[in-house]
Structure formats: structure tokens, C-alpha cells
Amino acid sequence: VLGCAVKADETVAIAFRKRGHVLYPGTTYCGNVKIANIGITRYSFHDNPPQMYTYTEHIEQLLPKRKPNGNKGTFGKVLLVAGSTDMAGAAILCAESIYKTGAGMVKMVIPESNREIVQTRIPEALIQVYQNQDTLSDNEMTCFEENIAWADVVAIGPGLGKSQSAKQLLEKVLTAKKTLVADADALNLLAMDENKALWETLRSRQQPTILTPHMAELARLSKISTEEAVADETKSTLELARKSHCIVVGKSARTHVCYEGAPIYLN
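No experiment lies behind these values; they were computed from the predicted model shown.

(A) The arrangement of unusual backbone geometry in detail. With an omega dihedral of 5°, the bond running from Y24 to P25 counts as a cis peptide bond. Even without being a glycine, D86 presents a positive backbone phi close to 60°. Within the fold, D86 resides in the loop between β4 (77-81) and α3 (89-100). Within the chain, A184 stands out as a residue other than glycine whose phi angle is a positive 50°. Within the secondary structure, A184 is located in the loop between β8 (179-182) and α7 (185-191).

(B) Structural detail: the nonpolar core. Counting residues in hydrophobic clusters, the biggest one holds 46 residues, and the most contacted among them are V81, F144, I156, L169, L170 and L190. If we skip the residues at most four places from it in the chain, F144 touches L79, V81, V109, Q128, L169, K172 and V173. Membership of the second largest hydrophobic core comes to 17 residues, among which are V78, L80, I98 and A125.

(C) Spotlight on the pattern of salt bridges. Counted under the stated rule, the structure contains seven salt bridges. Ionic pairing is found between E112 and R115, a salt bridge with its closest N-O pair at 3.1 Å. Exposure remark for E112: the relative accessible area of 28% places this residue in the partly exposed category. Taking the shortest distance from any N to any O, the salt bridge between E239 and R242 comes out at 2.8 Å. A residue pair is termed a helical-turn pair when its members lie 3 or 4 positions apart in one helix, as E239 and R242 do in helix α11 (residues 233-244) at three residues. With relative accessibility at 40%, the residue E239 sits in the partly exposed group. With a relative accessible area of 38%, R242 lands in the partly exposed category.

(D) Quick look at the packing of helix α9 (residues 215-222) against α11. Viewed as axis vectors pointing N to C, α9 and α11 meet at an angle of 50°, and their least axial separation amounts to 10 Å. Our classification of the angle between α9 and α11 gives oblique. Crossing hand, α9 versus α11: left-handed. Note on element contacts: α11 touches α9 through E233, S236, T237, L240 and K243, opposite M215, L218, L221 and S222. Here the residues of the contact of α9 with α11 sort into four nonpolar, three polar and two charged.

(E) The arrangement of the environment of L126 in detail. Within the secondary structure, L126 is located in strand β6 (residues 126-130). What makes L126 partly exposed here is its relative accessible area of 36%. Distance in space between the C-alpha atoms of L126 and E233 is 38 Å, their sequence separation being 107 residues. Residues in contact with L126, not counting those within four places in the same chain, are M105, V106, K107, M108 and W150.

(F) How the structure looks around the packing of aromatic side chains. In the structure shown here, the tally under the stated rule is four aromatic pairs. Centroid distance Y53 to Y55: 5.6 Å. Interplanar angle 85°. Geometry classified as edge-to-face. Ring centres of Y55 and Y265 lie 5.2 Å apart, and the angle between their planes is 40°; this geometry places the pair in the tilted category. Placement of Y55 in the loop between β3 (52-53) and α2 (59-62) and of Y265 in strand β12 (residues 264-266) is noted, with a sequence separation of 210 residues between them. Owing to a relative accessible area of 41%, Y55 belongs among the partly exposed residues under this scheme. One aromatic cluster is present, built from ring pairs that chain together Y53, Y55 and Y265. One cation-aromatic arrangement involves K7 over Y29; the distance from NZ or CZ to the ring centre is 5.3 Å. Here the basic side chain of R66 rests over the ring of F75, its NZ or CZ set 3.8 Å away from the ring centre.

(G) The sheet that holds β3, seen in detail. Here ten strands make up an open sheet; going across it, the order is β3-β12-β11-β10-β9-β8-β7-β4-β5-β6 and the pairing mixed. Looking at which strands have only one partner, the edges of the open sheet turn out to be β3 and β6. Where strand β11 (residues 256-258) meets β12, two bridges bridge the pair, whose relative direction is antiparallel. Each residue of the ladder has a partner; that of V257, found in β12, is Y265. Along the sheet, helix α6 (residues 164-174) contacts β4, β5 (105-111), β6, β7 (153-156) and β8; its crossing angle with β7, the most-contacted strand, is approximately 155°.

Conventions used here
Residues numbered from 1 in each chain as written. Predicted model: local features only at pLDDT ≥ 70, side-chain atom pairs only at ≥ 80, totals over all residues. Heavy atoms only, no water. Helix = DSSP H or I, 4+ residues; strand = E, 2+ residues; numbered from the N terminus. Core = buried A, V, L, I, M, F, W, Y, C linked by side-chain atoms within 4.5 Å. Buried < 20%, exposed > 50% of the residue type's maximum accessible area, 1.4 Å probe, protein only. Contact = heavy atoms within 4.5 Å. Salt bridge = Lys/Arg side-chain N within 4 Å of Asp/Glu carboxyl O. Axes fitted to C-alpha atoms, helices over the stretch in contact; angles between N-to-C directions. Parallel < 35°, antiparallel > 145°, perpendicular 65-115°, else oblique. Left-handed = near helix turned anticlockwise from the far one by under 90°. Nonpolar A, V, L, I, M, F, W, Y, C, P; charged D, E, K, R; others polar. Phe/Tyr/Trp six-rings, centres within 6.5 Å; stacked < 30°, edge-to-face > 60°. Lys NZ or Arg CZ within 6 Å of the ring centre and 35° of its normal. Pairing = 2+ DSSP bridges.

See the structure below:
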């Protein structure tokens, strides 16, 4: 918004929405946005398509169709490393979300202190417990490695804390040849990594890796202020994707999904 501007009740966008119609603060000046078709189609861009897009279909239409003769074992197995001593909420919410998006099996790696509430709230989840926040025993690490091998996808971070055991779990996950989603305290541990060993392991991963920071976490990972990250969320998210060699989901009032060399998906 460059200086004085009209706060419209309705805005007509020619052919396509522009970034200013959907990104803040511009979107607050647009009111109801309508698209005017004047004969410009996606084919008009030839080899230079817009570098930002969104979906208008219902989310269920975008998900792959399930095989009618499938079962929980064929619908995907997710290992969730989440929660810390007496902090089970984020782990529970995350596990429930994984089930709701269609995974067939979820196995949770949690502290012993969270066992009862997790098994009461999500009895269908499998679990591996560990005893303390200092370090995992050899037997616990062996079990963890077996569970990583079992999984199709590993998710780590919600409510995990920043203990030595949390770092130990993250180190092991980063070396696993599995699709990885890293959130919350997994990102904070990466941001705290002074000798850059975790960061270099992350950058060298060959498997799909998704980081899901909100703007404050993105700022910590990027070594900039939150104000700088928020000032240009598109640029900030794209820069972190380039730096990390990962898919980055920059969460804010509008969420950017960025990957180096690919168009930006805007939710």
C-alpha cells in the first residue's frame, strides 16, 4: 500500500488475482474481489507462468484417491516424535491431525510421563516411550531406529522441548532416509545449533524434507528479526527454502509454501 489508498467495498481483478489482492496489508483494502474474464487464460503466459498460485478446489479433491481394497497398513505409516515431560497437548493434537488427513497408522515417540493421557485420548495410536529428558538408553535408541525403519514418514517437533534427549532424537531423524516434516522445537533446535552440524545434515538430505515455521521460528532459522521476516513474508520464506534446500511452509495469516526453483503455493 503506497501512501493514501481507497479502502474499497469491491475490487475487480482483470483475468487473475494479483498478489496485492491476497497478501497483507493490500488485501484489507480490496473488499470483495471479483475476477473479470477478458480472454486472458493461463495459456497466454506461454513459458512464463505466474510464480505464485493457489487452489480453489475443496481439499478432499486434491488428495490421492484411496484404493478401495486398501487397509490401515497401505494408507501410510507415520512416526511422530513429539511432546515432553508433562507436555502432551501438542503431541495429541498433531497425532489426531495426522489421522484426520488420512494416514492409516500413527506411532508416537513420547516421554513415559505422557503415556497415560496419550493412551486415554488416542487409544488407536501405537507408542514408544522413553524414560527421561537427559538421554535415551541404548535400548531406547535401538527401538527408535526400528520405528524409523517401520515408518513411511517421520514428523518431529511439536511440544518436544529443547532437552538433550530431544536433540538426540532430532540428530537420528535427520540421518534417516525417510520423508521428514520438522516443526516447532525441531526448528528451534536447528536455530540453536551453534556448530552447524544439524544444519549441514539437514541441507544434505536427499529425501523430501518439509520445515513448517511460523514467522518467529522462520526468523530464528534465518538469523533475522521477526519484524524483518514479517515485512516481506514471501521473500523470507523463499530465502529459507533456498538456504535449507527444503520445502518451507511459512505460516502466517497467509501461508507460503516455497521450494527452490518452484512456483510458490499461497494458502
